[in-house]
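In case you want the letters, here they are:
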Amino acid sequence: AQSVSQHNHHVILSEAASLELGCNYSYGGTVNLFWYVQYPGQHLQLLLKYFSGDPLVKGIKGFEAEFIKSKFSFNLRKPSVQWSDTAEYFCAAFSYSSASKIIFGSGTRLSIRP
Amino acid sequence: NAGVTQTPKFRILKIGQSMTLQCTQDMNHNYMYWYRQDPGMGLKLIYYSVGAGITDKGEVPNGYNVSRSTTEDFPLRLELAAPSQTSVYFCASILADEAFFGQGTRLTVV
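## Some thoughts on the overall build of chain A
Here's step 1: Counting its secondary structure elements, chain A contains 0 helices and 12 strands.
Here's step 2: Reading chain A from its N terminus to its C terminus gives the helix and strand order β-β-β-β-β-β-β-β-β-β-β-β.
Here's step 3: Taking 114 residues into account, the globule formula puts the C-alpha radius of gyration at 13 Å, and chain A, at 14 Å, falls close to it.
Here's step 4: Here the analysis covers contacts within chain A between residues at least 6 apart in sequence; of these, 55% occur between residues at least 24 apart.

Spelled out as structure tokens, the structure:
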């Protein structure tokens, strides 16, 4: 069965610290991967996406993610976080060849100390 | 181009009442989805549709129904509301390389 796992439920960092949030997926066939951010009280916004090509994907607000096929991973990174990055982050996977369902991870809550 | 539009944004229901959450997209996407989001649980797929006239169950379909008579609309129906259906509901559509989400509907069943 398809699944997406996020290992960190709650991450607390100080401003300027580096960030890495883990995401692993279990999907058959070609998979498309996303990271979404949800600020308090708001809907999901796309941070970045991977479909093919360069496995290092750059998104908005200084975020990037690396697709490592051998590890079934798509970790999100940011070199220096800001207080405004406080939000919940969701990894998601989609495949046209696997019942066309978008499957989300359980989310990681990121808290940044000023 | 409005994207994905959900209505209403907020609703309070009494136990046993019914209601329909509306979702409309103007991007001519075939793939549409309904999710519910509960604290610490991420987004769970309720139902999805790969085109007009085609719907299928997701992870948590019990207590819900959907229809897809047109490409644009994908309403979600709650027939007998229960407190366990208190949640935030998101509709989404996808085409090729991006998924678009509605603003969400916060539903409380009391």
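## Some details on the nonpolar core
Here's step 1: Within the largest apolar cluster, 30 residues are counted, with the highest numbers of intra-cluster contacts made by Val4(A), Trp35(A), Leu47(A), Leu48(A), Phe74(A), Leu76(A) and Tyr89(A).
Here's step 2: Those elements that provide at least two residues to this core are strand E2 (10-14), strand E3 (19-21), strand E5 (32-38), strand E6 (45-50), strand E8 (64-68), strand E9 (73-78), strand E10 (87-94) and strand E12 (108-113) of chain A.
Here's step 3: With near-sequence residues (within four places) excluded, Val4(A) lies in contact with Cys23(A), Asn24(A), Tyr25(A), Tyr27(A), Cys91(A), Ala93(A), Ile103(A), Phe104(A) and Gly105(A).
Here's step 4: Counting residues in each nonpolar core, the second largest holds 21 residues, with Leu44(A), Leu43(B), Tyr48(B) and Val88(B) among its members.

## Observations regarding unusual backbone geometry
Here's step 1: The step from Thr7(B) to Pro8(B) runs through a cis peptide bond, and the omega angle for that step is -5°.
Here's step 2: With respect to the helices and strands, Pro8(B) occurs in the loop between strand E1 (4-7) and strand E2 (10-13).
Here's step 3: The phi dihedral of Lys61(A) is positive, around 60°, even though this residue is not glycine.
Here's step 4: Along the chain, Lys61(A) falls in the loop between strand E7 (56-58) and E8.
Here's step 5: With a phi angle near 50°, Phe72(A) is a residue other than glycine that sits in the positive phi range.
Here's step 6: Residue Phe72(A) is classed as partly exposed on the basis of its relative accessible area of 42%.

## A short note on the interface of chain A and chain B
Note: interface size is frequently given as the accessible area lost on complex formation between the parts.
Here's step 1: The partner chain B presents 21 residues to the 20 residues of chain A that form the contact.
Here's step 2: Approximately 1800 Å² of surface area, both sides summed, lies buried where chain A meets chain B, with 60% of it carried by carbon and sulfur atoms.
Here's step 3: Area buried by chain A at its contact with chain B is led by His43(A), Tyr96(A) and Ile102(A), which between them contribute 29% of it.
Here's step 4: Where chain A touches chain B, the interface holds 0 salt bridges.
Here's step 5: Summed over the shared surface of chain A and chain B, the result is 3 residue pairs in polar contact (both at pLDDT 80 or more).

## Topic: the sheet that holds strand E8 (residues 76-78) of chain B
Residue and element names in this part refer to chain B.
Here's step 1: Pairing within the open sheet is antiparallel, and its 4 strands lie in the order E1-E3-E8-E7. With one partner strand each, in any of the chains shown, E1 and strand E7 (64-66) form the two edges of the open sheet. The average undirected angle you get between the axes of adjacent strands in this sheet is 20°.
Here's step 2: As defined by bridge partners, E1 adjoins strand E3 (residues 19-25) across 4 bridges and the pair is classed as antiparallel. The partner of Thr-7 across the bridge, within E3, is Gln-22.

## Comments concerning the pattern of salt bridges
Residue and element names in this part refer to chain B.
Here's step 1: Counted by the stated rule, this structure contains 6 salt bridges over all chains.
Here's step 2: A salt bridge links Arg-77 to Glu-79; the shortest N-O distance between them is 3.2 Å.
Here's step 3: On the accessibility criterion, Glu-79 (39% relative accessible area) is partly exposed.

## Points about the state of the cysteines
Here's step 1: In this structure the tally under the stated criterion is 2 disulfides over all chains.
Here's step 2: Each sulfur of the disulfide joining Cys23(A) and Cys91(A) lies 1.9 Å from the other. Measuring the twist about the S-S bond at about -65°, one finds the Cys23(A)-Cys91(A) disulfide to be left-handed. Taken together, the positions of Cys23(A) in the loop between E3 and strand E4 (24-26) and Cys91(A) in strand E10 put the pair 68 residues apart, joining distant regions of the chain. Residue Cys23(A) shares its accessibility class with Cys91(A), and that shared class is buried.
Here's step 3: One disulfide in the model links Cys23(B) with Cys91(B); its S-S distance is 1.8 Å. A torsion of -70° about the S-S bond marks the disulfide between Cys23(B) and Cys91(B) as left-handed. Within this pair, whereas Cys23(B) is found in strand E3, its partner Cys91(B) is found in strand E9 (residues 87-95), the two being separated by 68 residues in sequence.
Here's step 4: On the accessibility criterion, Cys23(B) (0% relative accessible area) is buried.
Here's step 5: By relative accessible area, Cys91(B) is classed as buried at 0%.

The rules behind the values
Residues numbered from 1 in each chain as written. Chains lettered and ligands numbered in written order. Predicted model: local features only at pLDDT ≥ 70, side-chain atom pairs only at ≥ 80, totals over all residues. Heavy atoms only, no water. Helix = DSSP H or I, 4+ residues; strand = E, 2+ residues; numbered from the N terminus. Rg over C-alpha atoms; globule rule 2.2 N^0.38 Å. Contact = heavy atoms within 4.5 Å. Core = buried A, V, L, I, M, F, W, Y, C linked by side-chain atoms within 4.5 Å. Buried < 20%, exposed > 50% of the residue type's maximum accessible area, 1.4 Å probe, protein only. Buried area = accessible area lost by both parts, 1.4 Å probe. Salt bridge = Lys/Arg side-chain N within 4 Å of Asp/Glu carboxyl O. Polar contact = N/O pair within 3.5 Å; in protein donor to acceptor, adjacent residues only side chain to side chain. Pairing = 2+ DSSP bridges. Axes fitted to C-alpha atoms, helices over the stretch in contact; angles between N-to-C directions. Disulfide = S-S within 2.5 Å.

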